[in-house]
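Coordinates in review
Residue strings, one per chain:
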Amino acid sequence: MTTLRPRSRDSACGGKGRRGGTEGACQMSGAGPGGRTGRKEALGADNVDEIGFALEQAYVGRRRCHWQYIAEGGRLWTRVSGRGNTDDEAWFLPVTVLGKAEGIVVLGINRAYGKNSLSKNLMKTLSKAVDALKSDKKVRTIIIRSEVPGIFCVGADLKERAKMHSSEVGPFVSKIRAVINDIANLPVPTIAAIDGLALGGGLELALACDVRVAASSAKMGLVETKLAIIPGGGGTQRLPRAIGMSLAKELIFSARVLDGQEAKAVGLVSHVLEQNQEGDAAYRKALDLAREFLPQGPVAVRVAKLAINQGMEVDLVTGLAIEEACYAQTIPTKDRLEGLLAFKEKRPPRYKGE
């Protein structure tokens, strides 16, 4: 396993902390995100890329360190920074990479104190992670999940919102909407693994993903009308597109919360699973789906997503023209020729995304 240690961070994460922390106080360990053990076995994969795999918070005296996702040289890395020991900073956004060859990336949200609510800091970090993934050709599928048991995301941080001046609210909601739009526009398949509560902006985050899977015990709904506001992260537009206009209006007008089975019945999620003892049934299903996507041609999957997304916003004739243009992008690829050759030779294709 690869062990990463912080560089040039001695005052915050090692060396001479307030209680004389050691150099390894902020290193990655084998416990997995949030200190969970056995994650490698739970994933059912032996080729786990340990970079960004086992992220843990570390404490040196009264200082807290947390890991953040960054992109460097086209690869996925993590870095550590010291923060003050305040409840609002008690979160981190780990990124798990399953196998360099596979290219499954897991964005795990962990802001337990705020039930993964969308604070300014969380949105800033999530935005950076999404920006880094946009142009990474090695990424094949992205899963968004929570590292907080029983919680996916409860939406906006209302305590933080209450402290905002009215002039700050609109721009911040616009920022949330922009980040969620960026997730929706990611070129590769995205899967939301809903193993717990997904309310307001949390459900809007899931709606931006291509596929949603949920545990039967999960609860989800756009509940903003209870607060005399409306969904502002795309919910009024994406929910009707997912389940139909009439039912979407009913759910938004009533601020109704659905469980996993009800969400499956109305088409809000594609799969519903009985929750397991580890509390990650939806995540495991998301991994299974991601592995189903992997053998397919990477270029084909990307342009198929583009054709579907753009075609759904126009009339059928225009949509068919979009499909034709997207199909044309696959014709000159090496992967298309490899697919034909593999079929002729009766072997699995070896696609390279070229």
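Structural data are supplied above this passage.
Here the structure is a predicted model, which is why all the values come from computation and not from measurement. (Residues numbered from 1 in each chain as written. Predicted model: local features only at pLDDT ≥ 70, side-chain atom pairs only at ≥ 80, totals over all residues. Heavy atoms only, no water.)

Now for helix α11 (residues 298–311). Between its first and last C-alpha, α11 extends 20 Å over 14 residues, near the 20 Å set by a 1.5 Å rise per residue. In this fold, the buried residues of α11 make contact with α5 (166–184), β8 (190–194), α12 (316–330) and α13 (334–345). (Helix = DSSP H or I, 4+ residues; strand = E, 2+ residues; numbered from the N terminus. Expected span 1.5 Å × (residues − 1). Contact = heavy atoms within 4.5 Å.)

The next thing to look at is the packing of helix α3 (residues 120–134) against α5. In the contact formed by α3 and α5, the axes pass within 10 Å of each other and the chain directions differ by 30°. With respect to α5, the axis of α3 lies roughly parallel. Both α3 and α5 take part in a crossing whose hand is left-handed. Here K120, M123, L126, S127, V130, D131 and K134 of α3 come into contact with α5, specifically with E168, F172, K175, I176, V179, D182 and I183. Considered class by class, the residues forming the contact of α3 with α5 number seven nonpolar, one polar and six charged. (Axes fitted to C-alpha atoms, helices over the stretch in contact; angles between N-to-C directions. Parallel < 35°, antiparallel > 145°, perpendicular 65-115°, else oblique. Left-handed = near helix turned anticlockwise from the far one by under 90°. Nonpolar A, V, L, I, M, F, W, Y, C, P; charged D, E, K, R; others polar.)

Taken across its five residues, strand β10 (residues 211–215) has five buried, putting it largely inside the fold. Of the two faces of β10, the one lined by V211, V213 and A215 and the one lined by R212 and A214 are each fully buried. Alignment of β8 against β10, held across four bridges, turns out to be parallel. Considered in β10, the bridge of A193 is made with V213. In terms of strand pairing, β10 meets strand β13 (residues 271–273) through three bridges, oriented parallel. Paired with V213 across the strands is H271, a residue of β13. (Buried < 20%, exposed > 50% of the residue type's maximum accessible area, 1.4 Å probe, protein only. Pairing = 2+ DSSP bridges.)

Right, let's talk about unusual backbone geometry for a bit. Although it is not a glycine, A228 sits at a positive phi angle of roughly 65°. You can see A228 is positioned in the loop between β11 (219–221) and α7 (235–243). Look at A228 and you get exposed, because its relative accessible area is 73%. Phi at A255 is positive, roughly 55°, even though this residue is not glycine.

This paragraph deals with a nonpolar patch on the surface. A contiguous nonpolar surface patch, about 270 Å² in accessible area, is contributed by L158, L227 and I229. With respect to the helices and strands, L227 occurs in the loop between β11 and α7. Exposure remark for L227: the relative accessible area of 48% places this residue in the partly exposed category. (Patch = residues over 30% accessible without salt bridge, like charges linked within 9 Å, V, L, I, M, F, W, Y side chains within 5 Å. Areas by Shrake-Rupley, 256 points an atom, 1.4 Å probe, with all protein chains shown as cover. Salt bridge = Lys/Arg side-chain N within 4 Å of Asp/Glu carboxyl O.)

In total, this model carries 14 salt bridges according to the counting rule given. The salt bridge partner of E345 is R347, with a shortest N-O separation of 2.6 Å. A relative accessible area of 19% means that R347 is categorised as buried. Taken together, the shared-partner salt bridges connect D131, K134 and D182 into one network.

Attention now goes to the packing of α11 against α12. One can describe the packing of α11 onto α12 by two numbers: an axis separation of 9 Å at closest approach and a directional angle of 170°. Classed by the angle they form, the pair α11 and α12 counts as roughly antiparallel. α11 and α12 meet at a crossing whose hand is right-handed. Packed against α11, whose contacting residues are A300, V303, L306, A307, Q310 and G311, the element α12 presents G319, I322, E323, C326, Q329 and T330 at the interface. In terms of residue class, the contact of α11 with α12 is made up of six nonpolar, five polar and one charged.

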